[in-house]
2 protein chains.
Amino acid sequence: MDNNFVKIIPLGGLGEIGKNITVIEYLNEIVVIDCGIAFPDEEMYGVDLVISDIDYLKRNKEKIKGIYLTHGHEDHIGGIPYILKEINVPIYGTKLTIGLIENKLREHDMLSSSKLNIISAEEIVQLENLKIEFIRVTHSIADSCAIAIHTPVGVLLHTGDFKIDYTPIDGKIMNLERFSTLGKNGVLLLMADSTNVEREGHTISEKSIGEALNRIFSGAVGRVIVATFASNIHRMQQIVDASIKYKRKVVFSGRSMENVSKVAMELGYLHIPNEFLISLDDMQTYSNHEITIITTGSQGEPMAALARIAFSSHRKIRIESDDLFIISASPIPGNEKLISRVINQLFRKGIDVIYEDLEEVHVSGHAYKEELKLIHTLVHPKYFMPVHGEYRHLVHHSQLAQNLGMKKENIFIGDIGKILSVSENHAEFCGSVKSGSIFVDGLGIGDVGNIVLRDRKHLAQDGMVTIVVTIERESYSIIAGPDIITRGFIFVKESEELIREVKVIVNEELQRCLDKKIIEWCVLKSNIKKSTERYLFDKTKRRPIILPVIMEI
Amino acid sequence: MDNNFVKIIPLGGLGEIGKNITVIEYLNEIVVIDCGIAFPDEEMYGVDLVISDIDYLKRNKEKIKGIYLTHGHEDHIGGIPYILKEINVPIYGTKLTIGLIENKLREHDMLSSSKLNIISAEEIVQLENLKIEFIRVTHSIADSCAIAIHTPVGVLLHTGDFKIDYTPIDGKIMNLERFSTLGKNGVLLLMADSTNVEREGHTISEKSIGEALNRIFSGAVGRVIVATFASNIHRMQQIVDASIKYKRKVVFSGRSMENVSKVAMELGYLHIPNEFLISLDDMQTYSNHEITIITTGSQGEPMAALARIAFSSHRKIRIESDDLFIISASPIPGNEKLISRVINQLFRKGIDVIYEDLEEVHVSGHAYKEELKLIHTLVHPKYFMPVHGEYRHLVHHSQLAQNLGMKKENIFIGDIGKILSVSENHAEFCGSVKSGSIFVDGLGIGDVGNIVLRDRKHLAQDGMVTIVVTIERESYSIIAGPDIITRGFIFVKESEELIREVKVIVNEELQRCLDKKIIEWCVLKSNIKKSTERYLFDKTKRRPIILPVIMEI
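Residues numbered from 1 in each chain as written. Chains lettered and ligands numbered in written order. Predicted model: local features only at pLDDT ≥ 70, side-chain atom pairs only at ≥ 80, totals over all residues. Heavy atoms only, no water.

### Section: the overall build of chain A
No. 1: Helix and strand content of chain A: 15 helices and 25 strands.
No. 2: Along the three orthogonal principal directions, the C-alpha set of chain A runs to about 85 × 75 × 50 Å.
No. 3: Per-residue burial for chain A yields a buried fraction of 59% across its 553 residues.
No. 4: Long-range pairs, those at least 24 residues apart, make up 72% of the contacts in chain A with a sequence separation of at least 6.
No. 5: As displayed, chain A offers around 22100 Å² of accessible surface, 48% of which is attributable to carbon and sulfur atoms.
No. 6: Of the charged side chains in chain A, 64 are positive and 74 negative, and the gap between their average positions amounts to 2 Å. (Helix = DSSP H or I, 4+ residues; strand = E, 2+ residues; numbered from the N terminus. Buried < 20%, exposed > 50% of the residue type's maximum accessible area, 1.4 Å probe, protein only. Contact = heavy atoms within 4.5 Å. Areas by Shrake-Rupley, 256 points an atom, 1.4 Å probe, with all protein chains shown as cover. Lys, Arg positive; Asp, Glu negative; His and termini not counted. Charge placed at Lys NZ, Arg CZ, Asp CG, Glu CD.)

Written as structure tokens, this is what we have:
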């Protein structure tokens, strides 16, 4: 009886948006659900992406039976190349998900050494004690699944990301029946997507976008340029369908758009008649009204195709006066100003832009309140842990479950690294494991930490002042310098007097020390730093990083 | 006839949100409407605030007859202390607006030398050729006005910021009658607020907030802590009224909240019976359910009172478990994540927070589409220039006017510094004046420019590597160093080998030069820089600022 419990350890995705990864452990078996990345927030200067600390998995690698992926979004699969460098375990996912990962691993030159397994929805992987069942859901990427883990203690159900779309583009509706059957037979623990728990009502079907696109396409006289998420293949299909209807050829622009569309076509998730697909280079042989461009950059990312087109720095696409732009996406929180910049720039060039505020050209992929209520009602689990959301979303999801009659003591608001132990008649938090964020910057993984970030922030705020001086030890005398170099602090022109004064102060300070035969670096440096800091703050109310360097001969 | 035109020159507030300032010039008379600041965007590292380049005003200062202020928001009055340092011209505004400016000038120690003039709505200032008329409007701050400038060429009407609130808290409704009369008699040029031109329908009355507050207050068991904009005195009044109704004392927290409430009470815009106003220090003598705290920080600003309370760093206010927080504000674009951070932190502490997504605790102060249509219909000007908005807002405002029957050629989408010349039967853009943004950082005004910002951005991204070496000129030899110091680049622990290798590279590079008797600093530095850059990029895919310093003895 002692061993009759299962441990659930989220290593990411709780109390944050992104880097979803959840560990399920029963006796000697561990399965991992998803392995995503998060995008850096504005305080993480220079960081390219964020992955989870998987120390716990490294220390238990012999137990890991595989990583089971719910769907192919970056916040669920983006961490795979990084985790596989540490622990090369089997990966399971549906065809499209695995196709996208192959692409990713090829870029990292890791494809041949990885163990990828395609599994279809409603299939089951049988381990020693655990059974992993994939259940079809609808979401903003095709081939998405929830995952049920059948354990000797009971069934755990993880929804993954989902919405309930009764009219999905590919006709493959969410397997609500299976949710219902599992619920009927008893679900021990439900883990459900909390992203949109604050939104009233029910998401709109992806299909509604098709109607809006047709309306917009019917009035377009020049090229139509649509920016959207590269992973939203259903959206892509609808843009393609509208293009075909209005006799337009389709061009893909932007690296991820080209990659994903290629994979999706090869695997049969995206259908474009050959005669409708052309390359960027072929574009010039067609008139503007015969062209649709599907592009990356819907978040206003300065380096992505859309921003390059808007700011006239795209290698191949020049703006034309009869272009019509559609931004078929919502800004991810934090990107509002970037995308605004691009929209304003297009308007400045006299170009028409249609975006979410003006027409219904985007719908969310995450369940709203009423959909969540349906899932809770069908599954009516014994215990519930809200997942995938900032802390406030988790709290509101807990309140939603309580409003449906669930007892507060059966709901567990978890956190990264916090262990939830669940047995047939009891659940509780019991301790935690090492967890957190690892920053990826260029080739470095984890070599940028809080000290580096603190310095970058400090440098960003006020710049820096380097003070260099060479002294001769024997004679206690300054023989070169002090030289003052600033970066990011103040206009050189405006600062001449300031710099002259700093030299005087440093000289005096040094001389005072040397006269007293003090030559310890740390004392000299600290004195120079303090006097300079004080002077500069007094004059400018800024606190640049002061970097005294003393060379000694 | 030649001189029968008036020039309109916006120096801020077009193609951007903030720092509104518009110059109106007729013969030898210039009047300035508003003089605001903008808040820095995320690319403006370390910048505290942004003001407009007023070069044109400095060069024409003898013509300036005054600055006429529409209302007391920072983006309309914040630039006053800076402009007065350059040109000490008379200021005109309504009682509350001038009260807020007095406060501001007192802080800058400039009050005694300024020429402030209180004027009431519907009053007129008569100049030589121009007449300046203040017309009451409704907005999210009391005592707001539109301004009509009667010129020999015709009437110019500037709405300022406004919404049409038929049930304002102070009962002072917008003078639509005057708009209508001006329209009937003929308005030459309308300049109107474009902020919310993309929003359908009509704004909700400020009064509706009172109802929501009463509902929320009626259920609160502990303290109620409301964060809102300090300038929204009507909102303050409604929070006070709800507090009185539910027998709560009111405490103001945060410097600007304390300042503004004081001014507003003194001038009769905010009414609090003496027995209901207490200080932070008095709070402890009351029970929690007897207290309302009105606080700054509704944008999640890390240094403001709300964030300090949430993160337990407020000097006097500790969170208590029965507290109820209300965020009675919308995030200004760019602040979404800051405010989210505070909300999540409160939820983590188990505290209830009510915000816009959940209940109607905020309404906008800027006219929506239907309100703008009303103004256009009443005023039906000959010419129209949309103001106050990003470029896309100006374009959409132009489209709105066209939909109401205005000819496109009579609408002028202006830009900062662009001169619009208007005569009785003709309007056109004719040239431009020097204009732009001046950054204020600490005590420095304009000493942070694009080079400094570019360096700060570079430092923020990848940090910096300083290389210091001392050489002896006579012997062409290195006598100390190279020393390598990094900040914001990489963990010291992880970088030991990297740094060692950089030393070797620098040494080799220097030796190569010195062997060839090359000692020109620029050559040495540039060679060191290039080799180090190449090596570090190869190893880390990062490009820190490389700062070689060569000392010579």
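### Describing the environment of Arg-248 of chain B
Residues and elements named next belong to chain B.
No. 1: On the secondary structure map, Arg-248 appears in the loop between α7 (233-245) and β14 (249-253).
No. 2: Within polar-contact distance, the side chain of Arg-248 engages the backbone oxygen of Gly-222 at 2.9 Å.
No. 3: Here the side chain of Arg-248 touches Ile-291 through a polar contact of 2.7 Å, landing on its backbone oxygen. (Polar contact = N/O pair within 3.5 Å; in protein donor to acceptor, adjacent residues only side chain to side chain.)

### Details of the interface of chain B and chain A
No. 1: Contacts between the two partners involve 70 residues from chain B and, on the opposite side, 70 residues from chain A.
No. 2: Between chain B and chain A lies a buried interface of about 5900 Å² when both sides are counted; carbon and sulfur atoms form 58% of it.
No. 3: Along the contact surface separating chain B from chain A lie eight salt bridges.
No. 4: A salt bridge links Asp-415 of chain B to Arg-348 of chain A; its shortest N-O distance comes to 3.0 Å.
No. 5: Here chain B and chain A share 29 residue pairs in polar contact (both at pLDDT 80 or more) between them.
No. 6: When contributions to the side of chain B that touches chain A are tallied by element, the ones reaching two or more residues are α10 (336-348), α12 (391-403), α13 (450-462), β23 (464-472), β24 (477-487), α15 (521-540) and β25 (545-552) of chain B.
No. 7: When its residues are assigned to classes, the side of chain B that touches chain A shows 28 nonpolar, 18 polar and 24 charged. (Buried area = accessible area lost by both parts, 1.4 Å probe. Salt bridge = Lys/Arg side-chain N within 4 Å of Asp/Glu carboxyl O. Nonpolar A, V, L, I, M, F, W, Y, C, P; charged D, E, K, R; others polar.)

### Digging into the relation of the copies chain B and chain A
No. 1: With an RMSD of 0.0 Å, the fit of chain B onto chain A corresponds to turning through 180° and sliding 0.0 Å along the axis. Classification of the inter-copy transformation places it as that of a two-fold axis. Considering only C-alpha atoms, the part of chain B nearest the rotation axis is Ala-460 of chain B, at 2.4 Å.
No. 2: Of the residues that chain B buries at the interface, 100% are likewise interface residues in chain A, meaning the two copies contact each other through the same surface. (Least-squares fit on C-alpha atoms with pLDDT ≥ 70 in both.)

### Some thoughts on the environment of Ser-120 of chain B
Residue and element names in this part refer to chain B.
No. 1: Its place among the elements puts Ser-120 in the loop between β7 (116-118) and β8 (124-126).
No. 2: The class of Ser-120 is partly exposed, set by a relative accessible area of 39%.
No. 3: Put simply, Ser-120 and Ile-375 are 255 residues apart on the chain and 22 Å apart in space, counted from C-alpha to C-alpha.

### Considering the packing of aromatic side chains
No. 1: Taken as a whole and judged by the stated rule, the model has nine aromatic pairs over all chains.
No. 2: A ring pair is formed by Phe-412 of chain A and Phe-429 of chain A, whose centres lie 5.6 Å apart and whose planes are at 80°; its orientation type is edge-to-face. Here Phe-412 of chain A, found in the loop between α12 (391-403) and β19 (418-423), pairs with Phe-429 of chain A, found in strand β20 (residues 426-432); they are 17 residues apart in sequence, far enough to count as distant.
No. 3: Exposure remark for Phe-412 of chain A: the relative accessible area of 9% places this residue in the buried category.
No. 4: Judged by its relative accessible area of 27%, Phe-429 of chain A is partly exposed.
No. 5: Taken together, a centroid distance of 6.2 Å and an interplanar angle of 65° make the contact between Tyr-383 of chain B and Phe-412 of chain B edge-to-face. Of this pair, Tyr-383 of chain B sits in strand β18 (residues 383-387) while Phe-412 of chain B sits in the loop between α12 and β19 (418-423), placing them 29 residues apart in sequence.
No. 6: Take Tyr-383 of chain B: its relative accessible area is 4%, and that puts it in the buried class.
No. 7: Following the ring pairs from residue to residue traces out a cluster consisting of Tyr-68, Tyr-92 and Phe-134 of chain A.
No. 8: Lys-541 of chain A extends its terminal NZ or CZ atom over the ring of Phe-537 of chain A, reaching a point 5.0 Å from the ring centre. (Phe/Tyr/Trp six-rings, centres within 6.5 Å; stacked < 30°, edge-to-face > 60°. Lys NZ or Arg CZ within 6 Å of the ring centre and 35° of its normal.)

### Describing the UniProt feature "domain: Metallo-beta-lactamase" (unreviewed entry) in chain A
No. 1: Per the UniProt record, the feature "domain: Metallo-beta-lactamase" (unreviewed entry) sits at residues 18-213 of chain A.
No. 2: Along residues 18-213 of chain A, the helical share is 23% and the strand share 28%, with 30 Å between the first and last C-alpha atoms. (UniProt positions renumbered as here; feature names shortened; annotations may be inferred.)

### Remarks on the UniProt feature "binding site: substrate" (unreviewed entry) in chain A
Residues and elements named next belong to chain A.
No. 1: Under the present numbering, the feature "binding site: substrate" (unreviewed entry) in UniProt falls on Ala-230, Ser-231, Asn-232, His-362, Val-363, Ser-364, Gly-365 and His-366.
No. 2: Within the secondary structure, Ser-231 is located in the loop between β13 (224-227) and α7 (233-245).
No. 3: Since its relative accessible area comes to 16%, Ser-231 is described here as buried.
No. 4: Each residue touching Ser-231, except ones within four places of it in the same chain, is listed here: His-73, Ser-140, Ile-141 and Val-260.
No. 5: If you trace the backbone, Asn-232 turns up in the loop between β13 and α7.

### Description of the sheet that holds strand β22 (residues 444-445) of chain A
Residue and element names in this part refer to chain A.
No. 1: What the three strands build is an open sheet, ordered β4-β21-β22; its pairing is antiparallel. Edge positions in the open sheet fall to β4 (49-52) and β22, since each of these has one partner strand only.
No. 2: One ladder, built from two bridges, connects strand β21 (residues 437-441) with β22; its direction is antiparallel. When the sheet's bridge partners are listed, Val-440 is paired in β22 with Ile-445. (Pairing = 2+ DSSP bridges.)

### A look at the pattern of salt bridges
No. 1: One pass over the structure, following the stated rule, counts 52 salt bridges over all chains.
No. 2: The partner of Arg-235 of chain A in a salt bridge is Glu-206 of chain A, with the nearest N and O atoms 2.6 Å apart. Residue Arg-235 of chain A is found in helix α7, and its partner Glu-206 of chain A is found in the loop between β12 (189-193) and α6 (207-219); the two are separated by 29 residues along the sequence.
No. 3: Residue Arg-235 of chain A is classed as buried on the basis of its relative accessible area of 0%.
No. 4: Because the salt bridges share partners, they merge into one network encompassing Asp-441, Asp-447 and Arg-456 of chain A together with Arg-542 of chain B.

### Let's talk about unusual backbone geometry
All names here are of chain B.
No. 1: The phi angle at Leu-27 is positive, at roughly 50°, despite the residue not being glycine.
No. 2: Structurally, Leu-27 can be placed in the loop between β2 (21-26) and β3 (29-33).
No. 3: The phi dihedral of Glu-122 is positive, around 75°, even though this residue is not glycine.
No. 4: Locating Glu-122 in the fold gives a position in the loop between β7 and β8.

### Some words on the pairing of strand β11 (residues 154-158) of chain A
Residues and elements named next belong to chain A.
No. 1: A large share of β11 lies buried, amounting to five of its five residues.
No. 2: Inspection of the sheet shows strand β10 (residues 144-151) paired to β11 by five bridges, in the antiparallel sense. In the sheet register, Ile-147 faces β11, and the bridge partner there is His-158.
No. 3: The antiparallel pairing of β10 with β11 creates a hairpin that spans two residues between the two strands.
No. 4: Bridge count for β11 against β12 is three bridges, and the pairing is parallel.

### Structural notes on the domain arrangement of chain A
Residue and element names in this part refer to chain A.
No. 1: Along its sequence, chain A is carved into domain 1 (5-201 + 364-445), domain 2 (207-354) and domain 3 (463-552).
No. 2: One C-alpha centre belongs to domain 1, the other to domain 2, and the line joining them spans 31 Å.
No. 3: Of the residues lining the interface, 16 residues belong to domain 1; the matching set on domain 2 comes to 14 residues.
No. 4: Here domain 1 packs against domain 2, burying approximately 1400 Å² in sum over the two surfaces, 63% of which is carbon and sulfur. (Domains from an automatic or database assignment.)

### Some points on the side chain of Lys-19 of chain B
No. 1: The topology assignment puts Lys-19 of chain B in the loop between β1 (5-12) and β2.
No. 2: A distance of 3.1 Å separates the side chain of Lys-19 of chain B from the side chain of Glu-16 of chain B, its partner in a polar contact.

### Considerations on a nonpolar patch on the surface
No. 1: Side chains of Ile-553 of chain A together with Ile-479 and Ile-553 of chain B sit close together on the surface and give an oily, nonpolar patch of about 180 Å² of accessible area.
No. 2: With respect to the helices and strands, Ile-553 of chain B occurs in the segment after β25. (Patch = residues over 30% accessible without salt bridge, like charges linked within 9 Å, V, L, I, M, F, W, Y side chains within 5 Å.)

### Concerning the side chain of Arg-136 of chain A
Residues and elements named next belong to chain A.
No. 1: The topology assignment puts Arg-136 in strand β9 (residues 131-137).
No. 2: On the accessibility criterion, Arg-136 (14% relative accessible area) is buried.
No. 3: Ignoring anything within four residues of it in the chain, the contact list for Arg-136 reads Ala-121, Glu-122, Asp-143, Ser-144, Cys-145, Lys-172, Ile-173, Met-174 and Asn-175.

### A short note on helix α11 (residues 369-379) of chain A
Helical geometry: 3.6 residues make up each α-helical turn, so side chains three or four residues apart lie on a common side.
Residue and element names in this part refer to chain A.
No. 1: Residues of α11 that are buried: Glu-371, Leu-372, Ile-375, His-376 and Val-379. For α11, the angular spread of the buried residues around the axis is 140°, confining them to a single face.
No. 2: At its buried positions, α11 is contacted by β11, α5 (176-185), β12, β18 (383-387) and α12.
No. 3: At the exit of α11 stands His-380, carrying a positive phi of roughly 20°. (Arc of directions from axis to C-beta.)

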